[in-house]
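For reference, the chains in residue letters:
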Amino acid sequence: MSFFQKIKESAMNAADKAQQTVEITRIHTRISSKEKEIADHYKEMGKCVFDAYVAGDPSAAEANIAEYAGKVLEIQKEIAALKHKIMEIKNEKPCECGTTAPFEALFCPSCGRKFETVAKEPQALALAEGPATRHCTVCGGELETGDKFCVHCGAPQSAAKEGIDE
Ligand SMILES: [Zn+2]
Ligand SMILES: [Zn+2]
């Protein structure tokens, strides 16, 4: 690749990255405002309980509480969806073991745990990179260097077997 092509490419990647950052910031802002909505609902719930208590009938608050709780649960779902979106943009998701796995991974490449959420078609994984791709010894799916478990089928991979299988 020529020097200028390289420059052009890295500039494009930088633009993509910038675009991603803008999008992620936008989503974070939406999450913050949703979290504020939840906090407001909590306050309103507290006020209902207090008023009912003062009026001598704590159970009177129940209907209101149920309504606010329903709203909070809805908003929590929206927040979860937004967080999911961020992981999708960054192409990563956290595993309980502390590793960050590719967003599309079905299994953690580090500990082999199966992810519960299955995102998209597995073939979307094919978009990745360079020549020295490792493949799963069981299902043949593409792996990142250093993956101890196949992200597609969860089969353990021997670390020794680097490079392309013949
Ligand atoms: Zn893991
Ligand atoms: Zn596999």
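Details of the structure are given in the entry above.
What counts, and at which threshold
Residues numbered from 1 in each chain as written. Chains lettered and ligands numbered in written order. Predicted model: local features only at pLDDT ≥ 70, side-chain atom pairs only at ≥ 80, totals over all residues. Heavy atoms only, no water. Helix = DSSP H or I, 4+ residues; strand = E, 2+ residues; numbered from the N terminus. Buried < 20%, exposed > 50% of the residue type's maximum accessible area, 1.4 Å probe, protein only. Donors = N, O, S within 2.8 Å, 3.2 Å for Na, K, Ca; no water. Tetrahedral: all angles 85-135°; square planar, octahedral: opposite > 155°, others 65-115°.

**What to know about unusual backbone geometry**
And step 1. In this model, N91 sits at a positive phi of 55°, which is unusual for a non-glycine residue.
And step 2. Topologically, N91 is positioned in the loop between α2 (62–90) and β1 (93–94).
And step 3. The exposure class assigned to N91 is partly exposed, which follows from its relative accessible area of 42%.

**Brief notes about the coordination of the zinc ion (ligand 2)**
Around a metal, the perfect tetrahedron of four donors has angles of 109.5 degrees, and the perfect octahedron of six donors has angles of 90 or 180 degrees.
And step 1. Those donors, C136 (SG), C139 (SG), C150 (SG) and C153 (SG), are the protein atoms that reach the zinc ion (ligand 2), and they lie 2.2 to 2.4 Å from it.
And step 2. Because the angles between the four donor atoms bound to the zinc ion (ligand 2) fall within 104 to 113°, the donor set is best described as tetrahedral.
And step 3. The sequence motif formed by the donor residues of the zinc ion (ligand 2) is C-x2-C-x10-C-x2-C. Of this pair, C139 sits in the loop between β3 (134–135) and β4 (142–143) while C150 sits in the segment after β4, placing them 11 residues apart in sequence.
And step 4. Note on C139: relative accessible area 41%, which makes it partly exposed.

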